[in-house]
Amino acid sequence: MEPGEDSKAVAVADRCWQWMAESGARRDDVVVALGGGVVGDLAGFVAATYQRGVSLWQVPTTLLAQVDSSVGGKVAVNLPQGKNLVGAFYQPDLVFVDPRVLVTLPSREFAAGLGEVVKYALLEGEGFLDHLEREAGTILGRDPLALGEIVQRCVMFKAAVVGEDETDRGRRAILNLGHTAAHALETVLGYGVLAHGQAVALGLLVALAVSETVTGLDPELRPRVRRLLQRLGLPVQAPPATVDDLVQAAARDKKITAAGRGFVCLEDIGHPAWGVPVPGEVLGRALEALWE
Ligand SMILES: NC(=O)c1ccc[n+]([C@@H]2O[C@H](COP(=O)([O-])OP(=O)(O)OC[C@H]3O[C@@H](n4cnc5c(N)ncnc54)[C@H](O)[C@@H]3O)[C@@H](O)[C@H]2O)c1
């Protein structure tokens, strides 16, 4: 399939289903999703639906897919009306990660994956954040051992959360830290202006600013995270956009996505709170921080 988000489509899934049927694929065959998150979500959806489900192996080749999308069982395709609107919860039987494949990843994609890694560090606790600050140089050098360690930490954390709440009805919402503002930025700027992980980096800064007002987060954390994001090659300032448009996009997003149960805030590093009501004016003030 062609690279890019457009391939996460029903038409491409249809081609895969028909190819499998023509090739005589059976229920005891295995779909191997070798690629980034787009391949993982599409191939996972095909595996979940072909003959009511065949075995799925995820072999993620982007940092984002290794630390996040290959684990947790969310598979989906997009509709013209929105992202991930048709999908399933379908767990892979195997996830195989080799950090050495990341050496060929374009820098923008690599940095985007690091946006999700910083999210996991904020959710997991001080030890992980401190580790990223100390090891930023080796991580940026794409040292396989250093990458293997951060991938393992993210996956262990995500797997534990998903194990408690597989179908996303409660605590799994914490994995959306930074994503309300990230989705709003993607909608208002247009998809593709920022890579998803870049939008998440900015969204994390907004979530921290909101948390300072709403859940009493120590304001010292935000400049610290800002420095780390900058060091990791992630944006800390957004392209021009109107705060009102972003607040409205966030309000609309809340109605249709998991973020609908409210905002994800931090009380402290490693202590997320979800379902927090956040007034539009608080979100608006926090968004201003994107152009500081
Ligand atoms: N299922 C989930 O839980 C979940 C979570 C987060 C994101 N996602 C989805 O993941 C998708 C984004 O995934 P992504 O960030 O991996 O992007 P992607 O799959 O589009 O891959 C990015 C680019 O990198 C290329 N590429 C992949 N591996 C490479 C390698 N080793 N070397 C060189 N180039 C390589 C791809 O061809 C593509 O052009 C989105 O559709 C998003 O919705 C899903």
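How each quantity is defined
- Residues numbered from 1 in each chain as written.
- Predicted model: local features only at pLDDT ≥ 70, side-chain atom pairs only at ≥ 80, totals over all residues.
- Helix = DSSP H or I, 4+ residues; strand = E, 2+ residues; numbered from the N terminus.
- Expected span 1.5 Å × (residues − 1).
- Bend = angle between axes of the 7 residues up to and from the residue.
- Buried ≥ 20, exposed ≤ 12 C-beta atoms within 10 Å, placed from the backbone.
- Contact = placed C-beta atoms within 7 Å.
- Domains from an automatic or database assignment.
- Nonpolar A, V, L, I, M, F, W, Y, C, P; charged D, E, K, R; others polar.
- Near = placed C-beta within 6 Å.
- Pairing = 2+ DSSP bridges.
- Axes fitted to C-alpha atoms, helices over the stretch in contact; angles between N-to-C directions.
- Parallel < 35°, antiparallel > 145°, perpendicular 65-115°, else oblique.
- Left-handed = near helix turned anticlockwise from the far one by under 90°.
- Core = buried A, V, L, I, M, F, W, Y, C linked by C-beta atoms within 7 Å.

### Considering helix α5 (residues 126-140)
Every α-helical turn comprises 3.6 residues, leaving residues that sit three or four positions apart pointing alike. Between its first and last C-alpha atoms α5 spans 20 Å; for 15 residues at 1.5 Å apiece the expected length is 21 Å, and the two agree. Considering bend angle alone, the principal kink of α5 is centred on Arg134 and spans about 60°. Burial in α5 covers these residues: Phe128, Leu129, Leu132 and Ile139. Buried residues belonging to α5 abut α4 (107-124), α6 (144-164) and α9 (221-231). Looking one or two residues past α5, Arg142 carries a phi angle of roughly 60°, positive in sign.

### Examining the domain arrangement of the protein
Its domain assignment divides the protein into domain 1 (5-97) and domain 2 (101-291). For domain 1 versus domain 2, the distance between C-alpha centres works out to 25 Å. Across the boundary between the two partners, domain 1 contributes 14 residues, which contact 22 residues of domain 2. Listing elements by their share of the side of domain 1 that touches domain 2, those giving two or more residues are α3 (63-69) and β4 (82-89). It is α3 that contributes the most residues to the side of domain 1 that touches domain 2, five residues altogether. Split into classes, the residues belonging to the side of domain 1 that touches domain 2 amount to six nonpolar, six polar and two charged.

### Describing the environment of Leu266
The residue Leu266 is located in strand β6 (residues 263-268) in this model. In this structure the C-alpha to C-alpha distance between Leu266 and Ser211, which are 55 residues apart in sequence, comes to 5.7 Å. Apart from the residues lying within four places of it in its own chain, the contact partners of Leu266 are Leu122, Leu208, Ser211, Thr215, Leu217, His271 and Pro272.

### Thoughts on the site of the ligand
Taken together, 25 residues lie around the ligand, and Pro3, Gly36, Gly37, Thr62 and Ser69 are the ones closest in. The residue makeup of the shell around the ligand, split by class, is eight nonpolar, ten polar and seven charged. When residues are assigned to domains, the shell around the ligand turns out to be shared by domain 1 (5-97) and domain 2 (101-291), each giving three or more.

### Description of the sheet that holds strand β1 (residues 30-35)
Taken together, three strands build an open sheet; the order of strands is β1-β2-β5 and the sheet is parallel. Since the sheet does not close on itself, it has two edges, and those belong to β1 and β5 (94-95), each with one partner. The sheet contact formed by strand β2 (residues 55-60) and β5 spans two bridges and is parallel. Looking at β5, one finds that Gln58 is bridged to Val95. In this fold helix α2 (residues 37-49) packs onto β1 and β2, with an angle of close to 170° to the strand it touches most, β1.

### Description of the packing of helix α7 (residues 179-189) against helix α8 (residues 196-214)
Close contact between α7 and α8 brings their axes to 7 Å; oriented N to C, the two are set at 130°. Our classification of the angle between α7 and α8 gives oblique. Where α7 crosses over α8, the two elements pack in a sense that is right-handed. Listed contacts from α8 to His179, Thr180, Ala181, Ala182, Leu185 and Glu186 of α7 are Ala199, Val200, Leu202, Gly203, Val206 and Ala207. Residue classes in the contact of α7 with α8 are distributed as eight nonpolar, three polar and one charged.

### A word on the pairing of β6
For β6 and strand β7 (residues 271-276), the ladder comprises four bridges, and the chain directions are antiparallel. Looking at β7, one finds that Leu266 is bridged to Pro272. Two successive antiparallel strands, β6 and β7, enclose a turn made up of two residues, where Gly270 displays a positive phi of approximately 80°.

### Overview of the nonpolar core
Counting residues in hydrophobic clusters, the biggest one holds 70 residues, and the most contacted among them are Val118, Leu185, Leu202, Leu204, Val206 and Val210. One finds Val31, Leu42, Leu56 and Val77 within the second-largest nonpolar core, a separate group that totals 15 residues.

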